[in-house]
Amino acid sequence: MSVLLLTIASILALYGLISVVLWLRYMKTIRLFEVTDCLNDEAIYPTLSVIVPACNEEECIEQTVRQLITQDYPNLEIVIVNDRSTDNTGAILEKLLIQFPQLKVVTIYDLPSNWLGKNHAIDQGVKHATGELLLLTDADVMFARRSLKNTVSYALEHSLDHLTIVPDVFYGGVFYRAFLAYFGLTFFSIAMVTHKVGLGAFNLVKTSVYQEIGGYEAIALHPLDDMSFGKQVVEKGYKQGLACSGKGFIVVKWYESLFDILRGFEKNQFSSMNYRVSAVIGLCIYSLLTNVYPFAGLFFGPLSARVLCGISVLSLFVAYNHLSKLIDISRGYFLLHPLSALLFLGAMLNSMVKIINRGGIKWRGTFYPLEVLKKHI
């Protein structure tokens, strides 16, 4: 047993050291946008259309629209898609239309077959857009006044076809934000390995590129629409950029609680594994070994194995320390890393079990059969 523990600890220590070196190298390429960033006000900006799908967003839609309307971006078009809302979203948008006649509101009453609701809403919004650039965002995302100018300027300067930005999440207690830190670490690790990412809060893309890759019609039944869209961009040969929002630059509340995270991940997690049970099992084994065992290994086994587990844990701390400089989290959350990993695996298993038991995904009042979803992987 001692030999086995020493072997596992040795492999994990080497893995941790290599991973953190590669991760730090990659993270140096991530641009951090700040509210105080300076701009060249004489720059020429292309026309920009912001597409906002909204389904039952009465709590936030007015604030989102007002923040977008007051942006200092020239030639800005805002398209709000009221996607079958049953609350006061429609009434709020009608009131805003009177005050801001430049606003475009597209109302959807029915969802066609072979479409997920949000994907269809974005597709319809783009059809009413006229800008050279498209910003696909969510109804609960808040933008600092100069954020659109800053991000478009950066995309133009670096000749990007697609730019996605990790937003600032301002909400949550210790355990919530510890999970947020773990999720951020996982997201950037995926980005480092695949170089194919997208985030629903901010997907800025050239309209010509959107059309060339088939738009959201090409991912009509992909629950993880933002990541699927980013993957399409890269696989079609276009240039993608990933950046991060500083405090207050691009802000989202995300979920209300850890329970809501589990519920919200229900739609996405199993689909991220292409609905393969074997992939979920493999992920669980990998995550338990790399994210949980090193912490437990500090307290049992031979001394040499404990020291090696300590190297793995130290590597994680280095990653958290650097991440805390990019997103608004504490480096101390690394102490809750194994708990966050277990919560993440719990969300994955919950997603898998419920989707298999139901035979599909139930989301925002619509049921999507698993056999249909698998055909559109």
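The rules we used
Residues numbered from 1 in each chain as written. Predicted model: local features only at pLDDT ≥ 70, side-chain atom pairs only at ≥ 80, totals over all residues. Heavy atoms only, no water. Helix = DSSP H or I, 4+ residues; strand = E, 2+ residues; numbered from the N terminus. Buried < 20%, exposed > 50% of the residue type's maximum accessible area, 1.4 Å probe, protein only. Contact = heavy atoms within 4.5 Å. Areas by Shrake-Rupley, 256 points an atom, 1.4 Å probe, with all protein chains shown as cover. Lys, Arg positive; Asp, Glu negative; His and termini not counted. Charge placed at Lys NZ, Arg CZ, Asp CG, Glu CD. Pairing = 2+ DSSP bridges. Right-handed = clockwise from strand over helix to strand, strands pointing away. UniProt positions renumbered as here; feature names shortened; annotations may be inferred. Expected span 1.5 Å × (residues − 1). Domains from an automatic or database assignment. Buried area = accessible area lost by both parts, 1.4 Å probe. Salt bridge = Lys/Arg side-chain N within 4 Å of Asp/Glu carboxyl O. Polar contact = N/O pair within 3.5 Å; in protein donor to acceptor, adjacent residues only side chain to side chain. Nonpolar A, V, L, I, M, F, W, Y, C, P; charged D, E, K, R; others polar.

Brief notes about the overall build of the protein
Part 1 of the argument: Across its full length, the protein holds 13 helices and 13 strands.
Part 2 of the argument: Buried positions account for 53% of the 377 residues belonging to the protein.
Part 3 of the argument: Residue pairs in contact within the protein that sit at least 24 positions apart in sequence constitute 82% of those at least 6 positions apart.
Part 4 of the argument: Entry remark: accessible area of the protein is about 17,300 Å², with carbon and sulfur atoms responsible for 59%.
Part 5 of the argument: Side-chain charges in the protein split into 32 positive and 31 negative, and the spacing between the mean points of these groups amounts to 8 Å.

Some words on the pairing of strand β4 (residues 104-108)
Part 1 of the argument: Alignment of strand β3 (residues 76-83) against β4, held across five bridges, turns out to be parallel. If you follow valine 81 over to β4, its bridge partner there is valine 106.
Part 2 of the argument: Crossover handedness for the path β3 to helix α3 (residues 89-99) to β4: right-handed.

Examining the UniProt feature "transmembrane region" (unreviewed entry) in the protein
Part 1 of the argument: Per the UniProt record, "transmembrane region" (unreviewed entry) is found at residues 6-24, 273-293, 299-320 and 332-353.
Part 2 of the argument: Annotation note: span residues 299-320, helix share 82%, strand share 0%, distance between end C-alpha atoms 22 Å.
Part 3 of the argument: Structurally, residues 332-353 is divided into 77% helix and 0% strand, and its ends, taken at the C-alpha atoms, are 33 Å apart.

Considering helix α6 (residues 174-194)
Part 1 of the argument: For α6, with 21 residues, the first-to-last C-alpha span of 30 Å sits near the 30 Å given by 1.5 Å per residue.
Part 2 of the argument: Where α6 ends, the next residue or the one after it, histidine 195, has phi of about 55°, a positive value.

A short note on the environment of leucine 370
Part 1 of the argument: Summarising the element assignment, leucine 370 is placed in helix α13 (residues 370-374).
Part 2 of the argument: In this structure leucine 370 comes out as buried when scored by relative accessible area, which is 11%.
Part 3 of the argument: Spatially, the C-alpha atoms of leucine 370 and cysteine 38 are 49 Å apart, while their sequence positions differ by 332 residues.
Part 4 of the argument: Once you skip the residues sitting within four places of it in the chain, leucine 370 turns out to touch Tyr275, Ile355, Gly359 and Gly360.

Some points on the domain arrangement of the protein
Interface extent is often summarised as the accessible area lost during association of the parts.
Part 1 of the argument: The domains assigned to the protein are domain 1 (1-26 + 269-374) and domain 2 (30-255).
Part 2 of the argument: Between domain 1 and domain 2, the C-alpha centre-to-centre distance is 28 Å.
Part 3 of the argument: With 31 residues of domain 1 at the interface, the matching set in domain 2 holds 35 residues.
Part 4 of the argument: Buried surface at the junction of domain 1 and domain 2, summed over both partners, amounts to about 2,800 Å²; 72% is from carbon and sulfur atoms.
Part 5 of the argument: Here domain 1 is connected to domain 2 by two salt bridges.
Part 6 of the argument: The residue arginine 177 makes a salt bridge to aspartate 328 at a minimum N-O spacing of 3.9 Å.
Part 7 of the argument: Scanning the region where domain 1 abuts domain 2 turns up five residue pairs in polar contact (both at pLDDT 80 or more).
Part 8 of the argument: For the side of domain 1 that touches domain 2, the secondary-structure elements that each account for two or more residues are α1 (2-27), α9 (258-272), α10 (277-296), α11 (303-323), α12 (337-358), β13 (366-369) and α13.
Part 9 of the argument: With six residues, the single largest contributor to the side of domain 1 that touches domain 2 is α12.
Part 10 of the argument: Broken down by class, the residue content of the side of domain 1 that touches domain 2 amounts to 21 nonpolar, seven polar and three charged.

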